[in-house]
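Structural overview
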Amino acid sequence: MPNFKIDAVDPGNLLESNTLGIAPQNTTLTVRYRYGGGLSHNVSARTITNISLIDLQFPVTTSDIVQNAVRNSAIVSNPRKAKGGESRPTLEELRNIAFSARSAQSRIVNVQDLLYRIYTMPTKFGRIYRAGVSKNPISNSILIHVVVRNKNQQLEIANDTLKDNVAIYVNEYRLVSDSYDIVDAQIINLGLEYIISPEKGFNSSDVISRCNNNIISYLDTKNMHIDKPIVITDIMNIVINTEGVLSLAGLRFVHKAGTEGSAIYSNSIFNVLENTRRQQLFPPPGGIFEVKFPDSDIKGAVL
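Residues numbered from 1 in each chain as written. Predicted model: local features only at pLDDT ≥ 70, side-chain atom pairs only at ≥ 80, totals over all residues. Heavy atoms only, no water.

A closer look at the overall build of the protein
- Scanning the protein for helices and strands turns up seven helices and 13 strands.
- Taking all 303 residues of the protein together, 32% fall into the buried category.
- The long-range share in the protein, meaning contacts at least 24 apart out of those at least 6 apart in sequence, stands at 68%.
- Taken as a whole, the protein presents about 19,700 Å² of accessible surface, with 52% of it coming from carbon and sulfur. (Helix = DSSP H or I, 4+ residues; strand = E, 2+ residues; numbered from the N terminus. Buried < 20%, exposed > 50% of the residue type's maximum accessible area, 1.4 Å probe, protein only. Contact = heavy atoms within 4.5 Å. Areas by Shrake-Rupley, 256 points an atom, 1.4 Å probe, with all protein chains shown as cover.)

Structure, rendered in structure tokens:
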């Protein structure tokens, strides 16, 4: 078998030589590539259809007709939804990562080490939005629950490629006796309904709007974490302390699942009453709460 020095081959002359084989003709070439640009690049399937720029080089003897035909034959498509892109971290997220890095070890010894490695995985492998760790009830392995966001900042299940990347990356730092299983976090979509009595002289619609805005800010996805409960009394205090609210007559969470009109929720099974204890609403193990459509899922009424 002949040997040759690879750096002695001029890449610009590969098509002019037959020593490395003959380039195929009349063949469809499929090119796959990875490109990151934050949440906006988590596009839906079959939405990438336009080519803004294509740079092709042809032999000088190639006619304009052939060149144009080749350029016009190029098409693009994304058969699957893009996932794993994330926006740059906020100052608060950077602060939390810095605190974890200060105590992190070169190997994964505890939960903090594991989460630090997941959140600082090189971005070329994708980004996990939230991760949670728990003990596998049926084996000695450790369950790593993960979830990502789409371009609308809504929670979504991570694809298999991203989960494989996480598994391979953390495997380089794990102890010999440890084993990890990367699984999907259970997304629990919620709605909130409440009834208030407004103070005299205040417009009811304006008071409801202020209450909704305050609740939406508190229940924002950035404040949600895997296995983190929602403190119901905190929301009650937010409503009562909103300008124009005289009293709070009632407040309850409702579970959203499946399809309601044009709104599509996760298909999780969840009972609000059974998971409410001591004025706290708990997600299932490995679960995370989300108010997916806050403008319609948070509803206030006046008594």
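So, unusual backbone geometry
- The phi dihedral of aspartate 227 falls on the positive side, at around 70 degrees, and the residue is not glycine.
- In this fold, aspartate 227 is placed in the loop between helix 5 (204-218) and strand 6 (230-231).
- Residue classification places aspartate 227 among the partly exposed positions, given a relative accessible area of 33%.

Considering the side chain of asparagine 150
- Following the sequence through the fold, asparagine 150 ends up in the loop between strand 2 (142-149) and strand 3 (155-156).
- A polar side-chain atom of asparagine 150 sits 2.9 Å from the main-chain amide nitrogen of asparagine 152. (Polar contact = N/O pair within 3.5 Å; in protein donor to acceptor, adjacent residues only side chain to side chain.)

What to know about helix 4 (residues 160-171)
- Here helix 4 is 12 residues long and its end C-alpha atoms lie 16 Å apart, about the 16 Å a rise of 1.5 Å per residue gives.
- Of all the positions in helix 4, only Leu162, Lys163, Asn165, Val166, Tyr169 and Val170 are classed as buried. Mapping the buried residues of helix 4 onto a view down its axis gives an arc of 155 degrees, with all of them on the same face. Those residues of helix 4 that are exposed and aimed more than 90 degrees away from the buried face are Asp160 and Ile168.
- Residues of helix 4 that are buried sit in contact with helix 3 (111-119), strand 2 and strand 4 (180-184). (Expected span 1.5 Å × (residues − 1). Arc of directions from axis to C-beta.)

A closer look at the sheet that holds strand 6
- Reading across the sheet, the three strands line up as 6-11-10 and stay open at both edges, with antiparallel pairing between neighbours. The outermost strands of the open sheet, each flanked by one partner alone, are strand 6 and strand 10 (276-277).
- Direction of pairing for strand 10 relative to strand 11 (residues 280-281): antiparallel, over a ladder of two bridges. Within the sheet, the bridge partner assigned to threonine 276 lies in strand 11 and is leucine 281. (Pairing = 2+ DSSP bridges.)

Considering the confidence of the model for the protein
- Chain-level statistics for the protein give a pLDDT mean of 85 and a share of 83% at 70 or above.
- Across residues 1-7 the pLDDT falls below 50, and counting only partners more than four positions away or on other chains, this stretch makes two contacts in the model. (pLDDT = per-residue confidence, 0-100.)

Details of the pattern of salt bridges
- Tallying each qualifying case throughout the model produces five salt bridges.
- Here aspartate 160 and lysine 163 are joined by a salt bridge, their closest N and O atoms 3.6 Å apart. In this pair, aspartate 160 and lysine 163 are both assigned in helix 4, three residues apart and thus about one turn of the helix distant.
- Because the salt bridges share partners, they merge into one network encompassing Asp160, Lys163 and Asp184. (Salt bridge = Lys/Arg side-chain N within 4 Å of Asp/Glu carboxyl O.)

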